[in-house]
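# Chains, contacts and geometry: an overview
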Amino acid sequence: MKASLDFLCSICLDVCKCPLCNKLFKRRPELEINHLFSEVVAQFRDETQQNLRKMDDEIQEMIEKRRQKIQEINESVKMSKDAADKQKTEGVQIFTVLKEFIEKGLKKVIKEIEDKQETTEKQAEGLIKELEEEISELKKRKVIVLPPTYEGTVMRAVAQLEETLKKHFKKLLAKAELRRVQQYAVDVSLDPDTAHPELILSDDGKQVNFGDVNQSLSDNPKRFTVFANVLGRQGFSSGRFYFEVQVKGKTDWILGVARESVNRKGGNSVKPQDGFWALWLRNNNEYTACTGPAAVLSLASAPDKVGVFVDYEERLVSFYDVYAAASIYSFTGCSFTEKLYPCFNPCNNDNGKNSAPLVITPINSH
């Protein structure tokens, strides 16, 4: 019995509390040392296992983070490749058109020279025939076949081609620029809670015109009560966005973007200092950029549809004549510190002359 208890206590990994063991430890100190050593070993083993499990969890977490990073890098590379492919496609389109213009101009120059040479040869043949028939007359007078002059032909053709290329290249670049910003198109609809009481909105939130009656609408902090403005539902505080508005048939309108905190109850003016970046058409043909003081714009033609592009990070607001694929005006170095909203003002009816609505239209490449 003694031997059995001594053996159990010497290998036990837990603390033995029996009186007999205590007596045995008193009689045999070496067993007490073994017992304590067993406790230390057990504790060390448990701590080691815990540390190993903790280390394994940390390694797994590190592996997962790196896998996520690899996935992010792969997605970034794919986005970069897609953008590069798109730029290459646009480049090929532009330079293909340029190549066609150059080849067409070269053919025209060659044909003009060949036509002159053919005319000269025919004239020479006619003169030779005439000379053979009138030898006696030729003895009395001097006949010289003058070669045609080609001087200036090539230079005129090159100058004409250069002028043509400039016009078409400028137009091509403008079209490419418009296609570039159109890829950032967003679905804009009007927010009735911001609309001035005299504005009439369509049910789908895509059209607004000025009514002659001040509607009985609930006042709220978002509603304009002085200027006949209405904002879009969607606000943007980063990135790029683009939308198009039909202005055909109108003699007055204001169009652009406004910051969220713009004064909606007071009579502040339309300018960047007051939170507006907009264009203004007045009196049917007076276009101005609301820069404060306003900048008068000279347009080749009146736009029927206006595109509005915003690059929040680049602090840029640009306006385009969509059908002409031409830039109208750009605000640069803008101070953006909060959300921006599309802003629309159809202006008053002017006895029916300006009754056409502003219409938010779908984006189509032109």
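Remember, predicted model here, so these are calculated numbers, not experimental data. (Residues numbered from 1 in each chain as written. Predicted model: local features only at pLDDT ≥ 70, side-chain atom pairs only at ≥ 80, totals over all residues. Heavy atoms only, no water.)

### Some thoughts on the overall build of the protein chain
Within the protein chain one finds five helices and 13 strands. As presented, the protein chain carries roughly 23400 Å² of accessible surface, and 55% of it is formed by carbon and sulfur atoms. (Helix = DSSP H or I, 4+ residues; strand = E, 2+ residues; numbered from the N terminus. Areas by Shrake-Rupley, 256 points an atom, 1.4 Å probe, with all protein chains shown as cover.)

### A look at the UniProt feature "coiled-coil region" (unreviewed entry) in the protein chain
Here, the residues flagged by UniProt with the feature "coiled-coil region" (unreviewed entry) are residues 45-72 and 103-141. The distance from the first to the last C-alpha atom of residues 45-72 is 41 Å, and the span holds 100% helix and 0% strand. (UniProt positions renumbered as here; feature names shortened; annotations may be inferred.)

### Re the sheet that holds strand 13 (residues 358-361)
Strand order in the open sheet formed by seven strands is 1-2-13-4-9-10-11, with antiparallel pairing between adjacent strands. If you trace the sheet from one side to the other, it starts and ends with strand 1 (199-201) and strand 11 (326-331), each paired once. If you compare each strand with its neighbour and ignore which way they point, the axes differ by 25° on average. Sheet analysis places strand 9 (residues 305-311) next to strand 10 (residues 316-321), joined by six bridges and oriented antiparallel. Residue Val308 lies in a different strand from strand 10, and its bridge partner there is Phe319. (Pairing = 2+ DSSP bridges. Axes fitted to C-alpha atoms, helices over the stretch in contact; angles between N-to-C directions.)

### Structural notes on the sheet that holds strand 7 (residues 286-289)
The six strands lie next to each other as 3-12-5-6-7-8, forming an open sheet whose pairing is antiparallel. Every other strand in the sheet has two partners, leaving strand 3 (230-231) and strand 8 (295-297) as the edge strands with one partner each. Sheet topology note: the strand 7/strand 8 ladder contains three bridges and is antiparallel. Along strand 8, the bridge assignment pairs Ala289 with Ala295.

### Overview of the side chain of Thr194
With respect to the element layout, Thr194 can be found in the loop between helix 5 (153-182) and strand 1. In terms of polar contacts, Thr194 uses its side chain to reach the backbone carbonyl oxygen of Asp191, at 2.8 Å. Not counting the four nearest positions on each side in its chain, Thr194 is found in contact with Lys222, Arg223, Phe224, Asn229, Val230, Leu231 and Arg264. (Polar contact = N/O pair within 3.5 Å; in protein donor to acceptor, adjacent residues only side chain to side chain. Contact = heavy atoms within 4.5 Å.)

### Here's the deal with the packing of aromatic side chains
Scanning the model with the defined rule gives eight aromatic pairs in all. Measuring from ring centre to ring centre gives 5.1 Å for Trp277 and Phe336, while their planes differ by 80°; the resulting arrangement is edge-to-face. One end of the pair, Trp277, is in strand 6 (residues 276-282); the other, Phe336, is in the loop between strand 11 and strand 12 (340-345), and 59 residues separate them in sequence. Each member of the pair, Trp277 as well as Phe336, carries the same accessibility label: buried. Between Tyr312 and Phe336 the ring centres are 5.3 Å apart and the planes differ by 40°, which places this aromatic pair in the tilted class. Here Tyr312 is found in the loop between strand 9 and strand 10, whereas its partner Phe336 is found in the loop between strand 11 and strand 12, with 24 residues between them in sequence. Accessibility expressed as a relative area gives 12% for Phe336, which makes it buried. Put simply, the rings of Trp277, Tyr312 and Phe336 pair up and form one aromatic cluster. Between the NZ or CZ atom of Arg282 and the centre of the ring of Trp280, over which it lies, the distance is 4.5 Å. (Phe/Tyr/Trp six-rings, centres within 6.5 Å; stacked < 30°, edge-to-face > 60°. Buried < 20%, exposed > 50% of the residue type's maximum accessible area, 1.4 Å probe, protein only. Lys NZ or Arg CZ within 6 Å of the ring centre and 35° of its normal.)

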